[in-house]
Amino acid sequence: MLLFVAFLFFVFAKGAVARNGAQSAADAAALAAAQEVRDELTDRFLDGLESGDWEDWLSGEEFLGDGRAAAIDLAAANNATVTSLNTGSLNGFPSFEARVETNYTVGDSLIPGTENIRAKAGATAVIEPRCTIDVDVEPSKEVKFRCDGSGDWEIDPKDPGDVELPEAKDLFAVHLAD
């Protein structure tokens, strides 16, 4: 009887390991998708300096991509497959929900059917703009904003190369949703 209980605990431990692997893959996939879109938002913000529509990109509302390629790559690196990736909004911020399934099974055990069971998990990552635009700024004429963690930015829209431009991490925070 004691041996049977030990085997049962072993099966549950194997299941827990598979579940943790799936959760790690889901977290990585969601974060990768959000980071890819964050990079796109940053590139578009920098392009918008010349055209004067930079404030739309700085708010994080104007993203175009879905980060699917990055999510698939990171899930595969964690021995899992993305089963779905959905873009949405969480608390008013762009969000990316990844669902994954492991490429491996729980394995053989005393419990029939576990040899074909794959672990599944999901995670949601969010992009939060870190910057606010000064209220007295006329976006078509000047570029002034403040970012949490990196301070005040003032960029000449006619010659943005004169100053060190902000990086993606300065403009947007990417994190897993609680």
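Heads up: the structure comes first, above all this text.
Every chain's residues receive numbers from 1 upward, in the order its sequence appears when written. Where local features are concerned, this predicted model is filtered to residues with pLDDT of at least 70; where side-chain atom pairs are given and counted, the filter is 80 or more; whole-chain, interface and lining totals use all residues. Working from all heavy atoms in the structure, the side-chain values ignore hydrogens and water.

Undergrad: How would you explain the packing of aromatic side chains if you had to name every residue and give the values?
TA: Between 30 and 60 degrees the pair is tilted, below 30 it is stacked and above 60 it is edge-to-face, where a pair is any two Phe, Tyr or Trp rings, Trp via its six-membered ring, whose centres lie within 6.5 Å. Here the structure, examined in full by the defined rule, presents two aromatic pairs. An angle of 90 degrees between the planes, with centres 5.6 Å apart, marks the rings of phenylalanine 45 and phenylalanine 145 as edge-to-face. Within this pair, whereas phenylalanine 45 is found in helix α1 (residues 2-51), its partner phenylalanine 145 is found in strand β5 (residues 143-147), the two being separated by 100 residues in sequence. The two residues phenylalanine 45 and phenylalanine 145 agree in class, both being buried. Relative to tryptophan 153, the ring of phenylalanine 145 lies with its centre 6.5 Å away and its plane at 20 degrees, an arrangement referred to as stacked. Taken together through their ring pairs, the aromatic side chains of Phe45, Phe145 and Trp153 make up a single cluster. By the criteria applied, helices consist of DSSP H or I runs no shorter than four residues and strands consist of E runs no shorter than two, each listed in order from the N terminus. Only protein chains enter the accessibility calculation, which uses a 1.4 Å probe; a residue whose area is less than 20% of its type maximum is buried, one above 50% is exposed, and one in between is partly exposed.

Undergrad: An account of the state of the cysteines is requested, with residue identities and associated values reported.
TA: Two cysteines joined by a covalent bond between their sulfur atoms form a disulfide. Any two cysteine sulfur atoms within 2.5 Å of one another count as a disulfide. Summed over the entire model, instances satisfying the criterion amount to one disulfide. Each disulfide pairs two cysteine sulfurs, and for cysteine 131 the partner residue is cysteine 147, the sulfurs being separated by 1.9 Å. A torsion of 95 degrees about the S-S bond marks the disulfide between cysteine 131 and cysteine 147 as right-handed. Highlighted residues: cysteine 131 in strand β4 (residues 131-133) and cysteine 147 in strand β5, separated in sequence by 16 residues. Cysteine 147 sits in the buried class, given a relative accessible area of 3%.

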